[in-house]
Amino acid sequence: MSSQINYVFAGDIGGTNMRAALADRSGTLIERGVCQTEPELGLPQAEENLRALFEEVASGVPRDEVGGVVISSAGPIDPDSGIYVHPPNLPGWHDMTMKPGLATSLNLQVTIGHDATLGALAESRYGVGKGAQHLVYVTLSTGVGGGVIANGQMVTGAHGHAGEIGHLLVRPGGQSCNVGCDGCLEGISSGGGIARAATIAMSAGRASSMSDMTGGDIEAVSAQIVFEAAANGDPLGREIVESVIDAVATGFADILNTLDPEYLVVGGAVTGGLQPYWNDLKALVEDKALPHFKGSVPLYVSPLGDDVSLVGAATHAFDLADSRSG
Ligand SMILES: [Zn+2]
């Protein structure tokens, strides 16, 4: 079999949805599908649904021109075996893997990747940092993740867990994340962390227009509501946003000082909320970073949006397929 590899599969498994795409060599996702993950139905059912989704997106192309599969998944997951390790958003999947089953049913090599690291790869090939050899991608979202490209290569670490930028301790003793580190970037500046800061303050009796915005249900405050309240001049909202900007700036300065990237690319829903404050954020990063970043803080918003990890998965799949075929 010596067919040319013109396509690859890219997949993404989250706690809510699974996505599958067929990509071509330009990095374009030419066909895509999505279905619910329904982790409670068990991993074998999800594996079957994902397989069907891959078959569906590939139905219009010669099957022997599809060169491999790369999937980014919620974790923790062992990247070699694909075995899940108590994944909080995929309950019941502990100690199980769909990697060998999918490889057999699709008759393709299946590789598991770290979503933000694949995101960094996508940004370095197709994003704002196209052609970059040194790039860091950070997603400020429900959680905070990060991926690193150094010397043009993905930095994976000894166990596939490199790039956990979300757990940089940016404010020791500050609000903690779900893992329990006190004052990490994720604890303070993730969507959940931002909402929690508001809920805690209001539970302690702090008055805020956010209470009216949620009909008095302070548990229902979201990061989006905090950003809206801040934009409308609510003192608590502004205070929280300032605290987030300070934490993010500290984390970004640490990243710049440690890795000296050409591009620090930021994506995720919280990044949208920070847009009106982007110049303030950039100035604060410049203040906190080493002097050689004066006037040249390489901070950018991701142009790839929600597709970033799928595009990265496709990019990695082509790299792997090409290295296998020599
Ligand atoms: Zn943490």
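Residues numbered from 1 in each chain as written. Predicted model: local features only at pLDDT ≥ 70, side-chain atom pairs only at ≥ 80, totals over all residues. Heavy atoms only, no water.

Novice: Describe empty space enclosed by the protein, listing the residues and the values that go with them.
Specialist: Under the criterion given, the structure shown has 1 cavity of 30 Å³ or more. Lining the largest cavity, in full, are Ile13, Ile71, Ile77, Gly82, Tyr84, Thr97, Met98, Lys99 and Ile112. Looking at the lining of the largest cavity, its residues break down into 6 nonpolar, 2 polar and 1 charged. (1 Å grid on protein atoms, 1.4 Å probe; cavity = no way out; pocket = protein on both sides within 12 Å on 5 of 7 lines; lining within 4 Å. Points joined across faces, edges and corners; volume = space filled by probe spheres on them. Nonpolar A, V, L, I, M, F, W, Y, C, P; charged D, E, K, R; others polar.)

Novice: So what about the nonpolar core? Which residues, and what values?
Specialist: Ranked by size, the top nonpolar core spans 46 residues in total, and within it Val138, Leu140, Met210, Phe252, Leu274 and Leu281 carry the most contacts. Top contributing element to this core by residue count: helix H8 (residues 235–259), with 12 residues. Sequence-distant contacts of Met210, defined by excluding residues within four places in its chain, comprise Ala198, Met202, Val221, Ile225, Val226, Ala229, Asp234, Leu236, Gly237 and Ile240. Counting residues in each nonpolar core, the second largest holds 29 residues, with Ile77, Trp93, Leu102 and Ile112 among its members. (Core = buried A, V, L, I, M, F, W, Y, C linked by side-chain atoms within 4.5 Å. Buried < 20%, exposed > 50% of the residue type's maximum accessible area, 1.4 Å probe, protein only. Helix = DSSP H or I, 4+ residues; strand = E, 2+ residues; numbered from the N terminus. Contact = heavy atoms within 4.5 Å.)

Novice: Can you explain the domain arrangement of the protein? Please cite residues and give values.
Specialist: Parsing the protein into structural domains produces domain 1 (7–119 + 307–324) and domain 2 (131–302). Just the C-alpha atoms count here: the centres of domain 1 and domain 2 sit 28 Å apart. In total, domain 1 and domain 2 occlude about 790 Å² of area from one another, counting both sides; carbon and sulfur atoms represent 68% of this. Area buried by domain 1 at its contact with domain 2 is led by His114, Ala116 and Thr117, which between them contribute 58% of it. Remark: the boundary between domain 1 and domain 2 carries 0 salt bridges. Broken down by secondary-structure element, the contributors of at least two residues to the side of domain 1 that touches domain 2 are helix H3 (115–126) and helix H11 (308–324). In terms of residue count, H3 provides more of the side of domain 1 that touches domain 2 than any other element does, 4 residues in total. Of the residues contributing to the side of domain 1 that touches domain 2, the split by class is 5 nonpolar, 4 polar and no charged. (Domains from an automatic or database assignment. Buried area = accessible area lost by both parts, 1.4 Å probe. Salt bridge = Lys/Arg side-chain N within 4 Å of Asp/Glu carboxyl O.)

Novice: Tell me what's going on with the coordination of the zinc ion, and back it up with residues and numbers.
Specialist: Reference values for angles at a metal are 109.5 degrees in the four-donor tetrahedral case and 90 or 180 degrees in the six-donor octahedral case. Distances from the zinc ion to its protein donors, His167 (ND1), Cys177 (SG), Cys181 (SG) and Cys184 (SG), fall at 2.1 to 2.3 Å. Here the zinc ion binds 4 donor atoms, and the angle range of 101 to 117° at the metal identifies the geometry as tetrahedral. Here Cys184 falls in the buried class, since its relative accessible area comes to 0%. (Donors = N, O, S within 2.8 Å, 3.2 Å for Na, K, Ca; no water. Tetrahedral: all angles 85-135°; square planar, octahedral: opposite > 155°, others 65-115°.)

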